[in-house]
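# Commentary on secondary and tertiary structure
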Amino acid sequence: MAKARNILFIMFDQLRWDYLSCYGHPHLHTPNIDRLAARGVRFDRAYIQSPLCGPSRMSTYTGRYVHSHGACYNNVPLKVGERTMGDYLRDAGMGCWLVGKTHMAADAEGMRRLGIEPDSVIGARVSECGFDIFERDDGMRPEGPMGLYDAGGALKYNEYLRDKGYESDNPWHDYANSGIGADGSVLSGWFLNNADAPANIREEDSETPYLTRRGMDFIEAQGDQPWCCHLSYIKPHWPYIVPAPYHAMYGPEHFLPPVRSAEEADQAHPVFKGFMNAPVGKAFSRDAVRDKVLRAYMGLIKQCDDQMGVLFDWLERTGRMQDTLIVVTSDHGDFLGDHWLGEKTFFHDASTRVPLIIYDPSQEADATRGSVCDALVECIDLAPTFLEAAGGDVDAVRHVLEGRSLMPLLHGKADGARRDYVVCEYDYSMTPLATKLGLGPEEGRMFMVADKTWKMIHFEGGFRPMLFDLKADPQELVDLGQSAAHEAVIARMYARLAQWARRPSQRTTLPHEKIDRMRKGSSADLGVLIGVVDPSELPAELTVPYVGRMVPDKRG
């Protein structure tokens, strides 16, 4: 009987849920990811917890909302003491390793204060989201007047490229993420005007095939010990550029029209309008720019899918498909000009809804193979799912883990909604927009609460909410936040947001089991007798330490 002994946790970066053919894209065919969906469960309503790389990933890795773990923006550290899936899995006897990206920033001050040495085993794990590192590559080595964005970015990959003859002080930029002009000049992938050029690199040396091979290297090196491998790809995240032949596979006949309207822009909520007016929003609102980027973006996804074919075929040949739970998802989507936006930092489904496909080789999952699950799920559900797959006790840590194991859904033991709503949050207080809106550090925050019918967005700073009717307006073009006819709906969604905010998210040191023991017992068992008038009111065994005792009279 096949059984999941290992976990292969594949995450793409900035992959939209609707840009896979198994999710309905009519022109971008992804047969290899579709093949996994045909053997597992495709979740149709999976939502992230923040529309930005760092906080989204920290929620996925901890199984906790941003509101709980506090790493609210890129490079905001995940504080020392936050448990991650690596901690849970190692306690259950399973190793947990990283190959690729985390966007983790270490809590250096917290480690210093507690005397944790960064180069110790514990220090390294605390610095790396709880993962042991096979190879970390956040895929980011940009450089500006103030220096490198990430001094550790793409170091090993750059070494690999130099060994392959790509001579440069930064081959990540000059070759893997740039084209080349007729005169030999670097056509930087940072400039969207170059997005339709082929990257100046052999396809097999580009980032996605490289990380696929590194993932296979890791799996091949494992013995009989159970493992979790977080194979975390960099693409199709910008810079938007892809090597041949993928750069020329798609053209205007394959592009979906942008989801936006003039009325949407004219009547936009002031915060929403602020995001529209950002440079990236204005750039993607230009059709000529969007068309160039879509060529690269779709090509990058096609390359990702082809590499999934390489990986899955190899897993079949080596027998690993029979003992490995496989997950494919993304940390967020990409607006690509929808709603007059670029990037991902708002709450429409283009950004917050992600693909989630889970294949469980065990016999218990046979009943759900090839099925589509319509339940509302969140990416924080993956950590408890992995813990259960590893044989750990999810109930023992449910006071910390805020997600819910998806194993019952994978095994056909639960139906319908497991939660009534999903929550996503974004802290933009560190952005120029917060300054333009005159918001203080505690005001530049917004929260999304959504069910299958309604999506409401709450803004701190005194702004009105936004509201979308997801059934009547699935493209989220009509904001009902000012509609008097929808005041009852808005009140109901605010009640849900308030219910969510009242959860005991910081009570992480007191397991539910201990609370149960405490309330089933009595302080009288420990000699605390509150409100007792006379010993006769209690069983004799509770008063023995206090009744009939004799001592000398010391008053005089």
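Residues numbered from 1 in each chain as written. Predicted model: local features only at pLDDT ≥ 70, side-chain atom pairs only at ≥ 80, totals over all residues. Heavy atoms only, no water.

### Considering the nonpolar core
Of all hydrophobic cores here, the largest spans 74 residues; its most connected members are Phe43, Phe346 and Met446. Residue contacts for Phe43: discarding those within four places in its chain leaves Tyr23, Leu356, Ile358, Cys373, Val377, Leu406, Leu409 and Leu410. If you look at the next biggest cluster of nonpolar residues, it comprises 59 residues, including Leu20, Ala37, Leu211 and Ala296. (Core = buried A, V, L, I, M, F, W, Y, C linked by side-chain atoms within 4.5 Å. Buried < 20%, exposed > 50% of the residue type's maximum accessible area, 1.4 Å probe, protein only. Contact = heavy atoms within 4.5 Å.)

### Quick look at the pattern of salt bridges
Once the charged atoms of two side chains with opposite charge are near each other, the side chains can pair. A complete count under the given rule lists 42 salt bridges for this structure. Linking Asp338 and Arg16 is a salt bridge whose minimum nitrogen-to-oxygen distance equals 3.0 Å. In this pair, Asp338 sits in the loop between β10 (324-330) and α14 (349-352) while Arg16 sits in the loop between β1 (6-12) and α1 (31-39), placing the two residues 322 residues apart along the sequence. A residue is classified by how much of its surface remains accessible, and Asp338, at 5% relative accessible area, is buried. (Salt bridge = Lys/Arg side-chain N within 4 Å of Asp/Glu carboxyl O. Helix = DSSP H or I, 4+ residues; strand = E, 2+ residues; numbered from the N terminus.)

### Structural notes on the pairing of strand β9 (residues 227-232)
By the criterion of burial, β9 is predominantly enclosed, with six of the six residues buried. Of the pairings in the sheet, the one linking β1 to β9 comprises five bridges and is parallel in character. Across the sheet, the residue bridging to Met11 is Ser232, located in β9. One ladder, built from six bridges, connects strand β3 (residues 95-100) with β9; its direction is parallel. Residue Gly95 lies in a different strand from β9, and its bridge partner there is Trp227. (Pairing = 2+ DSSP bridges.)

### A closer look at the environment of Gln475
Summarising the element assignment, Gln475 is placed in the loop between β16 (466-469) and α18 (487-501). Look at Gln475 and you get partly exposed, because its relative accessible area is 45%. Through-space distance from the C-alpha of Gln475 to that of Arg445 is 24 Å; in sequence the pair is 30 residues apart. Look past the residues within four positions of Gln475 in its chain and what remains in contact with it is Val259 and His339.

### Some points on helix α15 (residues 382-389)
Within α15, six of the eight residues are buried, leaving the element largely enclosed by the surrounding structure. Taken together, the buried positions of α15 are occupied by Leu382, Ala383, Pro384, Thr385, Phe386 and Leu387. Looking at the residues trailing α15, positive phi occurs at Gly391, about 90°.

### Some points on the packing of helix α9 (residues 207-221) against helix α13 (residues 287-318)
One way to put it is that α9 packs onto α13 with a least axis distance of 9 Å and a crossing angle of 20°. One finds that α9 runs roughly parallel with respect to α13. For α9 against α13, the interelement crossing comes out right-handed. Along its contact with α9, which presents Thr208, Pro209, Thr212, Met216, Ile219 and Glu220, the element α13 presents Gln303, Cys304, Gln307, Val310, Leu311, Trp314 and Leu315. Across the contact of α9 with α13, the residue classes break down as eight nonpolar, four polar and one charged. (Axes fitted to C-alpha atoms, helices over the stretch in contact; angles between N-to-C directions. Parallel < 35°, antiparallel > 145°, perpendicular 65-115°, else oblique. Left-handed = near helix turned anticlockwise from the far one by under 90°. Nonpolar A, V, L, I, M, F, W, Y, C, P; charged D, E, K, R; others polar.)

### Here we look at the sheet that holds β16
Hydrogen bonds between backbone groups are what pair the strands of a sheet, and the pairing can be parallel or antiparallel. Read across the sheet, four strands follow the order β13-β14-β15-β16 without closing on themselves; strand pairing throughout is antiparallel. The sheet is open, and its two edges are formed by β13 (422-427) and β16, each paired on a single side. Across the sheet, the mean angle from the axis of one strand to that of its neighbour is 10°, orientation sign disregarded. Bridge count for strand β14 (residues 445-450) against strand β15 (residues 454-459) is five bridges, and the pairing is antiparallel. Each bridged residue has a counterpart across the sheet, and for Val449 the counterpart in β15 is Met456. On the sheet, α18 packs against β13, β14, β15 and β16 and is oriented at approximately 65° with respect to β15.

Everything listed here is a matter of coordinates, which is why it stays silent on function.
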